[in-house]
Amino acid sequence: MVNLNPLIELDRLSREEGKVYLQKRFLYEDLLLKRGKHFIGIIGPRGVGKTILLKQIALEHSDTFYLSLDTFQDDIFETIKAVRDVLKVKTFLLDEVHMRPGFEGELKKIYDFLNVNVIFTSSVALAMYRSAHDLSRRVVLKTLYPFSLREYIFFRYGRHTSPLTIGDIINQRFDRAVLESGSFFADYLQGGLMPFALNEPAPLELLKNILQTVIYKDIARVSQTTINELDTIVKLMTFVGKSGIDGINYSSLSRNLGISKYKAEQYTALLENAFLLHRVTPEGTGVLKEPKIVMALPYRLLYRSYEESVGGLREDFFVEAVKASGFDVHYLKSVRGAKTPDYVLKDQETFVFEVGGKGKGRQQFKGFKSGRKIILSDSYEMEGIKRPLFLFGLLSNEI
């Protein structure tokens, strides 16, 4: 017999905590629109507000029940069945399901036999992608990234900024008032994009703790890695963080860390699925098919100062911004290593982007014919093919 009293108290406390957070992530409304027979999985880095989202939903919807699975030991199926039967609850909010061994089987059983809705969260995408494959039609996954620049301005200053499409940015179809967003860009890159930085005077110190937790707790739980391998993964992050943005791939990781290319691929996949790195695959023919490795924002700041790492942070920002908006992005590399633009992505047409600071010009595209060419500079310049990089922080999340 399930003892519901402590669970009911924890659910009540979660609703009380939800009252503290008045503003809502932009994903909130989308989650409510997507409610239906399928379960919804919210994946994203630690510290971006997944738990707060669930508690806000619990606060505003009386037909929900919040359960944290981080330390939960009881049978989930029997618990949900008891809560449903006694309290007549139809929607369950399950926090950090990847901490529960065998959660895929439990979710299948709940879906097939209990006729309830479930919204769950996880900080490790690897576990979720595997479960989505196993759960087939039963699960829709949504990713909650750190703040976009647009969200940061809203949460920090209470100001609403209109979302842009890539076409709006390229063709300058926007009110000039959006250029005011550029004044917040440096603070955003220096840690402001993490929601906990709103109330944390030293966000990078907290980020260090999150990094350790992700590697030694989350990755360790969902993978077959040994403690020595986890230590190597820490060294891999350090190497990427202290290196320049170019030339970081499986081969360079293998050479510098003394591991095989297979292990370099395995470790970077784990780090990508834990939202610490991004792997950007190449575009073009006759190129070495190794991805370019960039860091998730703002982890590069744990290894070098802002002034030393700003070039890398710009590319980290661009990659994360377009991925968060649903685009596939690729990097460009010539056959013999000659200079090419940085990235290519496709919307209504193909765009080729060079991401950089001052001094970048048309020579970056010399000999490159495909796609519409754009230089994204860390400025407000919009003459010719130049556009402000920060505008990509205002992208809509709907393609």
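Because the structure is predicted, anything quoted here is derived from the model rather than measured.

Asks: So what exactly am I meant to see when it comes to empty space enclosed by the protein here?
Replies: The rolling of a water-molecule-sized probe over the atoms marks out the regions of remaining empty space. One pass over the structure, following the stated rule, counts 3 cavities of 30 Å³ or more. Computed from the structure, the largest cavity encloses a volume of approximately 60 Å³. The wall of the largest cavity is formed by Pro45, Tyr145, Pro146, Met194, Phe275, His278, Ala296, Leu297, Tyr299 and Glu320.

Asks: Quick question: what am I supposed to make of the sheet that holds strand E3 (residues 91-95) here?
Replies: The strands making up a sheet are joined through hydrogen bonds of the backbone, oriented either antiparallel or parallel. Read across the sheet, 5 strands follow the order E2-E3-E4-E1-E5 without closing on themselves; strand pairing throughout is parallel. The outermost strands of the open sheet, each flanked by one partner alone, are strand E2 (64-68) and strand E5 (139-143). Direction aside, neighbouring strands of the sheet carry axes that sit 20 degrees apart on average.

Asks: It is not clear to me how the packing of aromatic side chains should be interpreted in this structure. Could you clarify?
Replies: Two descriptors summarise a pair of aromatic rings, namely the distance from one centre to the other and the angle between the planes of the rings. For the structure on display, the rule yields 18 aromatic pairs. Seen from their ring centres, phenylalanine 154 and phenylalanine 155 are 5.4 Å apart, and the 85 degrees between their planes marks the pair as edge-to-face. Aromatic side chains tyrosine 380 and phenylalanine 390 sit 5.5 Å apart centroid to centroid with 65 degrees between the ring planes, which places their arrangement in the edge-to-face category. Taken together, the positions of tyrosine 380 in the loop between strand E12 (372-377) and strand E13 (386-388) and phenylalanine 390 in the segment after E13 put the pair 10 residues apart, joining distant regions of the chain. Residue phenylalanine 390 is classed as buried on the basis of its relative accessible area, which comes to 4%.

Asks: Explain helix H13 (residues 261-273) here, please?
Replies: Every α-helix carries 3.6 residues per turn, so stepping three or four residues along brings you back to the same face. The end-to-end C-alpha distance of H13, which contains 13 residues, comes to 18 Å, matching closely the 18 Å that a straight helix rising 1.5 Å per residue would cover. Those residues of H13 that sit buried are Ala264, Tyr267, Thr268, Ala269, Leu270, Leu271, Glu272 and Asn273. Within two residues after H13, phenylalanine 275 carries a phi angle of roughly 65 degrees, on the positive side.

Asks: Sorry, what's going on with the layout of surface pockets here?
Replies: Taken as a whole, the second largest pocket encloses approximately 680 Å³ of empty space. As for the second largest pocket, its lining consists of 30 residues, and the residues nearest its centre are Tyr21, Gly47, Val48, Gly49 and Ile52. Breaking the lining of the second largest pocket down by element, the ones donating at least two residues are helix H3 (50-60), E2, helix H7 (149-157) and helix H10 (203-222). With 5 residues, H3 is the largest single contributor of residues to the lining of the second largest pocket. Its residues placed into classes, the lining of the second largest pocket shows 13 nonpolar, 9 polar and 8 charged.

Asks: Help me out: how do you make sense of the nonpolar core in this one?
Replies: It is characteristic of soluble globular proteins that their nonpolar side chains tend to be buried jointly. Ranked by size, the top nonpolar core spans 92 residues in total, and within it Met237, Tyr299, Phe318 and Phe392 carry the most contacts. With 8 residues, helix H14 (residues 306-324) is the largest single contributor of residues to this core. Core analysis: the second largest hydrophobic core is formed by 25 residues, Leu7, Phe65, Ile110 and Phe120 among them.

Asks: Where do I start with the environment of glycine 384 in this structure?
Replies: Tracing the sequence through the fold places glycine 384 in the loop between E12 and E13. Judged by its relative accessible area of 54%, glycine 384 falls in the exposed class.

Asks: Just checking my understanding: could you explain the packing of helix H1 (residues 5-18) against H3 for this structure?
Replies: A pair of packed helices is captured by two measures, namely the crossing angle of their axes and the spacing between those axes. In contact at an axis separation of 8 Å, H1 and H3 are set at 100 degrees when each is read in the N-to-C sense. Judged on the interaxial angle alone, H3 and H1 are roughly perpendicular. Here Ser14, Arg15, Glu17 and Gly18 of H1 come into contact with H3, specifically with Lys55, Gln56, Ala58 and Leu59. In the contact of H1 with H3, the residues fall into 2 nonpolar, 3 polar and 3 charged.

Asks: What's the story with the sheet that holds E12 in this structure? I'm lost.
Replies: If you walk across this open sheet you meet the 6 strands as E7-E9-E10-E11-E12-E13, and the pairing is mixed. Each having just a single partner strand, strand E7 (282-283) and E13 make up the two edges of the open sheet. Of the pairings in the sheet, the one linking E12 to E13 comprises 3 bridges and is parallel in character. Its bridge partner lying in E13, isoleucine 375 is registered against lysine 386.

Asks: I tried to follow the pattern of salt bridges on my own but got confused; where do I start?
Replies: Pairs can form between side chains of opposite charge once their charged atoms are near each other. By the definition in use, this model includes 25 salt bridges. With its nearest N and O atoms 2.8 Å apart, the salt bridge here joins lysine 142 to aspartate 30. Of this pair, lysine 142 sits in strand E5 while aspartate 30 sits in helix H2 (residues 27-33), placing them 112 residues apart in sequence. In terms of burial, lysine 142 and aspartate 30 fall into one category: buried. Residue lysine 263 is joined to glutamate 229 by a salt bridge in which the shortest nitrogen-to-oxygen separation is 2.8 Å.

Cut-offs and rules
Residues numbered from 1 in each chain as written. Predicted model: local features only at pLDDT ≥ 70, side-chain atom pairs only at ≥ 80, totals over all residues. Heavy atoms only, no water. 1 Å grid on protein atoms, 1.4 Å probe; cavity = no way out; pocket = protein on both sides within 12 Å on 5 of 7 lines; lining within 4 Å. Points joined across faces, edges and corners; volume = space filled by probe spheres on them. Pairing = 2+ DSSP bridges. Helix = DSSP H or I, 4+ residues; strand = E, 2+ residues; numbered from the N terminus. Axes fitted to C-alpha atoms, helices over the stretch in contact; angles between N-to-C directions. Phe/Tyr/Trp six-rings, centres within 6.5 Å; stacked < 30°, edge-to-face > 60°. Buried < 20%, exposed > 50% of the residue type's maximum accessible area, 1.4 Å probe, protein only. Expected span 1.5 Å × (residues − 1). Nonpolar A, V, L, I, M, F, W, Y, C, P; charged D, E, K, R; others polar. Core = buried A, V, L, I, M, F, W, Y, C linked by side-chain atoms within 4.5 Å. Parallel < 35°, antiparallel > 145°, perpendicular 65-115°, else oblique. Contact = heavy atoms within 4.5 Å. Salt bridge = Lys/Arg side-chain N within 4 Å of Asp/Glu carboxyl O.

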